[in-house]
Amino acid sequence: MKTLIVGIGGVTNGGKTTLANSLQEQIPNSCIIAQDSYFKDDCDVPVDSSGFKQYDILDALHMQTMIRDVDLWRRDPESFLRQQGLKPQLIAPSINKEVFVLIVEGFLIFNHRPLNELFDKKYFMEIPYDACKRRRSSRAYMPPDPPGYFSAYVWPMYLKNREEMEIFLDGLKTKEELLAAVYEDICQEIERLRGKSA
Ligand SMILES: Nc1ncnc2c1ncn2[C@@H]1O[C@H](COP(=O)(O)OP(=O)(O)OP(=O)(O)O)[C@@H](O)[C@H]1O
Ligand SMILES: NC(=O)c1ccc[n+]([C@@H]2O[C@H](CO)[C@@H](O)[C@H]2O)c1
């Protein structure tokens, strides 16, 4: 059995979850670990000097738990898939040629060194400030963004976190264009892995 870990990171509301879900539907034996599922309870997230809750830093997330889940997948991708309610679709000529794909999506996945080291493929979604602000204002986070949170906290934190990045995806492209580009790239990687001796 072979494995491929794909990271889809980038700006808030860039379209990471949308792209990850579409990829997961198209790629056999793939599943998703989403960083947004690992936020700490609101009472455990500190407030900065301006009174803003610091949600956009690694400390706001249970990263050890997230890494543990990635490890669970690495040890036994087939069981992990079943635990998520997904059915393995064994299509390659032998189990040695089968490629299991983990899609990890989230806004700070490349900023956490132990997680960053695990990726075989990395994509970083970007959209400009205005589009991001517009998309974000139509979302309901829990707790909701207080006034000024996006421009004074979320966007500056994004620019800081982005400094560590590599491959960029233009999140203003259509969902179909984004899916086609990344899907094609991942399929090539799966074929490359299948071709490698077990
Ligand atoms: N390619 C696209 N073009 C236009 N709108 C999109 C595109 N992809 C996603 N969207 C829309 O943008 C919003 C955010 O999408 P999504 O939840 O996938 O982003 P995200 O990067 O996972 O956000 P967050 O990290 O803040 O949870 C949604 O309303 C979604 O429908
Ligand atoms: N608990 C949450 O999911 C939560 C709460 C408040 C804010 N956020 C925002 O989620 C984005 C990443 O997807 C970050 O920009 C957070 O500000 C999430």
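Structure shown above.
Residues numbered from 1 in each chain as written. Chains lettered and ligands numbered in written order. Predicted model: local features only at pLDDT ≥ 70, side-chain atom pairs only at ≥ 80, totals over all residues.

The subject of this paragraph is the overall build of the protein. Counting its secondary structure elements, the protein contains seven helices and five strands. Computed over C-alpha atoms, the radius of gyration of the protein comes to 18 Å, within 12% of the 16 Å expected from 2.2 N^0.38 for 198 residues, which places it in the range of a compact globule. Counting only C-alpha atoms and orienting by the principal axes, one finds that the protein spans roughly 60 × 35 × 30 Å. For the protein, the proportion of its 198 residues judged to be buried stands at 28%. (Helix = DSSP H or I, 4+ residues; strand = E, 2+ residues; numbered from the N terminus. Rg over C-alpha atoms; globule rule 2.2 N^0.38 Å. Buried ≥ 20, exposed ≤ 12 C-beta atoms within 10 Å, placed from the backbone.)

A few words now on the site of ligand 1. Near ligand 1 you find 14 residues, and of these T12, G15, K16, T17 and T18 are the closest. Counting residues per element, the ones that place at least two in the shell around ligand 1 are α1 (16-26) and α7 (175-195). Here the shell around ligand 1 takes three residues from α1, the largest share from any one element. (Near = placed C-beta within 6 Å.)

Attention now goes to the packing of α1 against α7. Following both chains from N to C, one finds α1 and α7 inclined at 55 degrees, their axes separated by 10 Å at the closest point. What the angle tells us is that α1 and α7 run oblique. With respect to the hand of their crossing, α1 and α7 are arranged in right-handed fashion. Across the interface between the two elements, T18, L19, S22, L23 and Q26 from α1 touch K175, L178, L179, V182, Y183 and I186 from α7. For the contact of α1 with α7, the class distribution of residues is seven nonpolar, three polar and one charged. (Axes fitted to C-alpha atoms, helices over the stretch in contact; angles between N-to-C directions. Parallel < 35°, antiparallel > 145°, perpendicular 65-115°, else oblique. Left-handed = near helix turned anticlockwise from the far one by under 90°. Contact = placed C-beta atoms within 7 Å. Nonpolar A, V, L, I, M, F, W, Y, C, P; charged D, E, K, R; others polar.)

Reading across from one edge, β2-β3-β1-β4-β5 is the order of the five strands in this open sheet, with parallel pairing throughout. The strands lining the two open edges of the sheet, one partner per strand, are β2 (30-34) and β5 (168-170). Each strand axis lies, on average, 25 degrees off the axis of its neighbour in the sheet, ignoring direction. (Pairing = 2+ DSSP bridges.)

Glancing now at the site of ligand 2. What surrounds ligand 2 is the set T12, D36, F39, Y55, D56, F107, Y141, M142 and V154. Among the residues making up the shell around ligand 2, the classes are represented as six nonpolar, one polar and two charged.

Another aspect to go through is helix α6 (residues 149-162). Helix length check: α6, at 14 residues, gives a terminal C-alpha distance of 18 Å against a target of 20 Å (1.5 Å per residue), a fit within 8%. All buried positions along α6 are accounted for by Y153, V154 and Y158. (Expected span 1.5 Å × (residues − 1).)

What follows covers the environment of P88. With respect to the element layout, P88 can be found in the loop between α3 (77-83) and β3 (99-105). Its 14 C-beta neighbours within 10 Å are what place P88 among the partly exposed residues. The spatial distance from the C-alpha of P88 to the C-alpha of P143 is 37 Å, given a sequence separation of 55 residues. Apart from residues no more than four positions distant in its own chain, P88 is found in contact with N29, E78 and L81.

Here we come to unusual backbone geometry. The omega torsion across M142 and P143 is 0 degrees, close enough to zero to call that bond cis. Within the secondary structure, P143 sits in the loop between α5 (129-137) and α6. You will see that N13, though not glycine, has its phi angle at about 65 degrees, which is positive. Among the secondary structure elements, N13 is positioned in the loop between β1 (2-10) and α1. A positive phi angle, near 60 degrees, is found at N29, a position not held by glycine.

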